[in-house]
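# Residue-level structural notes
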Amino acid sequence: MADDFERMWADLAPIGRSSTSGGYFRQPFLGAETELRAWFVEQAIARGLVVEADGVGNVVAWWDTASPGAAASGAASSGAGGAVLTGSHLDSVLDGGAYDGPLGVVSALAAVDLLRSRGVVPLRRIGVSVFAEEEGSRFGLACLGSRLATGGLSWSDAQELRDRDGVFLADALASVDLPGGAGWPGGGVLDLSGVGTFVELHVEQGRDLVDRGAAVGVASEIWPHGRYRFDVTGEANHAGTTRMEDRADPMLTFAMTALAANKQARLSGSRATFGRVEVEPNGTNAVPSRVTAWLDARCASDAELADLVGAVTRQGTERAGRDGTALVVTAESVSASVAFDASLATAVAADHAGGDWPVIPTQAGHDAGILSAAGIPTAMLFVRNPTGVSHSPAESATVPDCLVGVSALADTLERLAGR
């Protein structure tokens with residue numbers, strides 16, 4: 001198992017990695033992410049798994065011991081209780097870390113290898129999934145592939161999404177060679193109706209497991225979170241000749257709004273981040289005419305999330321009134337709180353000989369949250385991250401911890417899929 005995991009990890013290490021920062025640029029339907037998807041298909045075929053793919057970049061490799069070589073479909077499951085699905089995603093944030101997403105995919109393949117080495121013959125089909133555009137780094141909507149696969153997003157809405165360069169999602173899909181063909185084949189995406197359980201392994205995005213001294217943890221819930229676009233408009237003018245009292249400067253409104261977001265999040269124990277800003281006309285010697293910024297907000301409850309965004313919006317609007325500018329806030333994506341299946345989490349946490357793994361909440365969004373919200377019993381495994389840093393080149397995990405994660409995932413899959 002160790003050789004399989006380390007070999008696969010070495011295969012992925014150089015793909016999409018920046019030679020300057022060491023971070024990864026694996027944006028959906030571009031060179032690096034497309035190469036990774038092709039790599040996954042090759043790995044699946046080499047293992048004799050049956051590949052099912054759609055036209056939006058989602059792929060599942062099925063291990064079906066009940067009917068080897070049969071056409072795969074999530075709707076046709078082996079044994080009572082439905083198929084068992086695992087996996088994660090291969091795309092990254094801009095200049096992201098190596099582990100966020102790919103660790104779950106590589107670990108899932110390694111878990112299948114481990115189960116086979118144990119002589120396990122599952123009664124239910126096991127699928128290893130790769131969902132497209134989980135990060136939302138190109139088209140702005142997180143978990144795009146899993147939302148489409150579960151019916152949480154319609155194709156009519158999805159195909160109108162555009163990236164920063166104005167490229168429509170439909171055109172981006174048509175420009176790459178996807179395993180399932182480009183576009184919207186056969187009127188639909190992957191059929192997950194026969195999936196009885198989903199288990200996602202992921203690197204931890206924080207230091208909880210470090211503080212607990214545990215290599216692996218199990219998720220209890222995902223905080224509600226959303227992405228909100230703040231459009232602040234003012235009046236472009238000369239930076240030198242325009243008196244300060246004569247300006248309608250949207251940058252001032254935005255700056256005070258960002259400070260308000262920071263204060264409100266700290267007061268409530270929540271999270272608020274303005275991580276992306278666009279300025280027009282973006283000239284050094286010009287007062288801006290527009291500032292567009294995106295707020296990422298996360299709270300312990302849906303009500304707290306609404307309160308946080310409402311408070312930031314009110315303070316920004318009040319400041320705009322003083323600055324002579326205008327503020328419009330648009331919710332681009334909002335995900336409600338997700339409580340994972342408690343009995344499943346308890347069972348997964350107890351799936352090893354050394355005592356129960358800790359059960360912890362997460363403030364990060366995942367495809368697991370989308371599948372859980374769609375009614376599929378779902379669990380998540382976390383692998384310890386020594387730095388506690390994520391969405392950054394400093395994100396890491398040790399090989400021994402990763403192998404513990406593979407073993408924990410294999411144990412879970414064996415119990416769920418039967419013998």
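Here is what the cut-offs are and how they apply
Residues numbered from 1 in each chain as written. Predicted model: local features only at pLDDT ≥ 70, side-chain atom pairs only at ≥ 80, totals over all residues. Heavy atoms only, no water. Helix = DSSP H or I, 4+ residues; strand = E, 2+ residues; numbered from the N terminus. Rg over C-alpha atoms; globule rule 2.2 N^0.38 Å. Buried < 20%, exposed > 50% of the residue type's maximum accessible area, 1.4 Å probe, protein only. Contact = heavy atoms within 4.5 Å. Areas by Shrake-Rupley, 256 points an atom, 1.4 Å probe, with all protein chains shown as cover. Phe/Tyr/Trp six-rings, centres within 6.5 Å; stacked < 30°, edge-to-face > 60°. Pairing = 2+ DSSP bridges. Axes fitted to C-alpha atoms, helices over the stretch in contact; angles between N-to-C directions. Arc of directions from axis to C-beta. Salt bridge = Lys/Arg side-chain N within 4 Å of Asp/Glu carboxyl O. Core = buried A, V, L, I, M, F, W, Y, C linked by side-chain atoms within 4.5 Å. pLDDT = per-residue confidence, 0-100.

Another aspect to go through is the overall build of the chain. Per the secondary structure count, the chain includes twelve helices and 15 strands. For 419 residues, the compact-globule estimate of 2.2 N^0.38 gives 22 Å, and the C-alpha radius of gyration of the chain, at 23 Å, lies within 12% of that figure. By principal-axis analysis of the C-alpha atoms, the chain measures approximately 80 × 45 × 40 Å. The buried share of the chain, taken over its 419 residues, is 53%. In the chain, of all internal contacts separated by at least 6 residues, the share reaching a separation of at least 24 is 76%. Surface exposure of the chain reaches about 16,500 Å², of which carbon and sulfur atoms provide 51%.

If you walk through the whole model with that rule in mind, you get six aromatic pairs. Between Phe230 and Phe274, the aromatic rings sit 5.3 Å apart at their centres with planes inclined by 85°, giving edge-to-face as the arrangement. Of this pair, Phe230 sits in strand E7 (residues 225–233) while Phe274 is found in strand E9 (residues 271–280), placing the two residues 44 residues apart along the sequence. With a relative accessible area of 2%, Phe230 lands in the buried category.

Put simply, Glu280 and Pro281 share a cis peptide bond, and its omega is 0°. Assignment of secondary structure puts Pro281 in the loop between E9 and strand E10 (286–287). The phi angle at Glu133 is positive, at roughly 45°, despite the residue not being glycine. Turning to its location among the elements, Glu133 is positioned in the loop between strand E4 (126–131) and helix H4 (144–150).

As a further point, take the sheet that holds E7. Ordered in space as E9-E11-E7-E12, the four strands form an open sheet in which the pairing is antiparallel. What marks the edges here is a single partner per strand, and that holds for E9 and strand E12 (326–335). Averaged over all pairs of adjacent strands, the angle between their axes in this sheet comes to 20°, without regard to strand direction. Running at roughly 170° to E9, helix H8 (residues 250–268) makes contact with E7, E9 and strand E11 (290–298) of the sheet. Packing of helix H9 (residues 302–323) onto the sheet brings it into contact with E7, E9, E11 and E12, and relative to E12 it is tilted by some 165°.

Those residues of helix H10 (residues 342–349) lying buried are Leu344, Ala345, Val348 and Ala349. When H10 is viewed along its axis, its buried side chains cluster within an angular range of 130° and face the same direction. Residues Ala342, Ser343 and Thr346 are exposed on H10 and point more than 90 degrees away from its buried face. Looking at the buried side of H10, the elements it contacts are strand E5 (195–203), strand E6 (216–222), strand E14 (359–362), strand E15 (378–383) and helix H12 (399–417).

What follows deals with the pattern of salt bridges. Counting across every chain of the model gives 18 salt bridges. With its nearest N and O atoms 2.8 Å apart, the salt bridge here joins Arg47 to Asp113. Residue Arg47 is found in the loop between helix H2 (31–46) and strand E1 (50–53), and its partner Asp113 is found in helix H3 (residues 102–117); the two are separated by 66 residues along the sequence. Under the relative-accessibility criterion, Arg47 is labelled buried at 11%.

A word on the nonpolar core. Residues Phe5, Phe40, Tyr99, Leu103, Leu381 and Leu409 are the most contacted members of the largest nonpolar core, which totals 58 residues. It is H3 that provides the largest number of residues to this core, a total of ten residues. By size, the runner-up hydrophobic cluster in this structure holds 22 residues, among which are Ala149, Ala219, Ile360 and Phe382.

Take the confidence of the model for the chain next. On average, residues of the chain score 90 in pLDDT, and 92% of them are at 70 or above. Ignoring residues within four places in sequence, the model shows residues 67–80, a span with pLDDT below 50, making 32 contacts including any to other chains.

With that out of the way, let us pick up the environment of Val279. Secondary-structure assignment places Val279 in strand E9. Val279 has contacts with Met251, Pro288, Arg290 and Val291, leaving out every residue within four places of it along the chain.

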